[in-house]
Amino acid sequence: MELTRIEDFAKIRPADETRADLHIARCLAAAAAGDTDACFDLGVAFSTGAEGVASDMIEAHKWFNLAAVAGHEEAAWSRADISDEMTAREIAEAQRRAREWLSAEERRAA
């Protein structure tokens, strides 16, 4: 009987992808329900590449911004930190996405 190496198994079914997708889905659902901690967690995931998410500073800024606007102090600090690494155009795009998120949430609530 031949044993399968763990590296071969990982190529067939990477466990991290499912975990990352589940984490992001839960955070998105919680953020849609108004959970500022979930917005902050999404900012952390996108800024660090945690949970298997690809690093995306525009998305990170968007989520930190949404949490900060709702009063999350650590999110405000994190937003300021990553802003130092972003161009004005990237920040403007992040702000546009945050406004879109808020507009969509307002439409769903109505």
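Just so we're clear, the structure is a prediction, and the values are computed from it rather than from any experiment. Residue numbering note: each chain is counted from 1, following its sequence as written. Where totals are concerned, whole chains, interfaces and linings use all residues; where local detail is concerned, this predicted model gives features only for residues with pLDDT of at least 70, and gives and counts side-chain atom pairs only at 80 or more. Processing note: side-chain calculations cover all non-hydrogen atoms of the structure and skip hydrogens and water entirely.

Helix and strand counts for the protein stand at six helices and zero strands. Comment: elements are numbered from the N terminus, with helices defined as DSSP H or I runs of at least four residues and strands as E runs of at least two. Ordered by position from the N terminus, the helices and strands of the protein form the series α-α-α-α-α-α. Within the protein, the proportion of its 110 residues that are buried is 33%. A contact between two residues is defined here by any heavy atoms of the two lying within 4.5 Å. For the protein, the share of sequence-separated contacts (at least 6 apart) that also reach a separation of at least 24 residues comes to 54%. To measure how exposed things are, a 1.4 Å probe is used in the Shrake-Rupley method; for residues, cover is taken only from the protein chains shown. Surface accessibility of the protein: about 7400 Å² in total, with carbon and sulfur atoms responsible for 53%. Exposure classes here rest on a 1.4 Å probe applied to the protein chains alone. A residue is buried below 20% of its type maximum, exposed above 50%, and partly exposed in between.

One broad rule of soluble globular proteins: the nonpolar side chains tend to lie buried together. Definition of nonpolar core: a set of buried residues of the types Ala, Val, Leu, Ile, Met, Phe, Trp, Tyr and Cys, connected through side-chain atoms within 4.5 Å. With 24 residues, the main nonpolar core has Ala31, Leu42 and Trp63 as its most contacted residues. Elements represented by at least two residues in this core include exactly helix H2 (15-32), helix H3 (36-48), helix H4 (57-69), helix H5 (73-83) and helix H6 (88-109). The leading source of residues in this core is H4, at seven residues. Setting aside residues up to four positions removed in sequence, Trp63 forms contacts with Leu28, Ala31, Cys39, Leu42, Gly43, Phe46 and Trp101.

Moving on: H4. A helix is expected to span 1.5 Å multiplied by its residue count minus one. For H4, with 13 residues, the first-to-last C-alpha span of 18 Å sits near the 18 Å given by 1.5 Å per residue. Burial analysis of H4 places 11 of its 13 residues in the buried class, which makes it a mostly covered element. The complete set of buried residues in H4 reads Ile58, Glu59, Ala60, His61, Lys62, Trp63, Phe64, Asn65, Leu66, Ala67 and Ala68. At the N-terminal boundary of H4, the capping side chain belongs to Asp56, with an oxygen 3.1 Å from the backbone nitrogen of Ile58. Gly71 sits one or two positions beyond H4 and adopts a positive phi of about 105 degrees. Each polar contact in these results corresponds to two N or O atoms within 3.5 Å; when the atoms are within protein, one needs to be able to donate a hydrogen and the other to accept it, and residues that are neighboring in sequence are counted only if both atoms are side-chain atoms.

Our next topic: the pattern of salt bridges. Salt bridges are identified by distance alone: a Lys or Arg side-chain nitrogen within 4 Å of an Asp or Glu carboxyl oxygen. Inspection of the entire model under this criterion finds five salt bridges. With a shortest N-O distance of 2.9 Å, Glu59 and Arg97 are connected by a salt bridge. Taken together, the residues Glu59 in helix H4 and Arg97 in helix H6 connect sequence positions 38 residues apart. Taking the relative accessible area as the measure of exposure, Glu59 reaches 13% and is therefore buried. Take Arg97: its relative accessible area is 23%, and that puts it in the partly exposed class. Among the salt bridges present, the one from Glu100 reaches Arg96, with a minimum N-O distance of 2.2 Å. In this pair, Glu100 and Arg96 are both assigned in helix H6, four residues apart and thus about one turn of the helix distant. On the accessibility criterion, Arg96 (32% relative accessible area) is partly exposed. Bridged by salt links that share partners, the residues Glu59, Lys62, Glu93, Arg96, Arg97 and Glu100 form one connected network.

Here we take up the environment of Glu74. Among the secondary structure elements, Glu74 is positioned in helix H5. For Glu74, a relative accessible area of 49% corresponds to the partly exposed category. Considered as a pair, Glu74 and Phe40 are 34 residues apart in the sequence and their alpha carbons are 8.1 Å apart.

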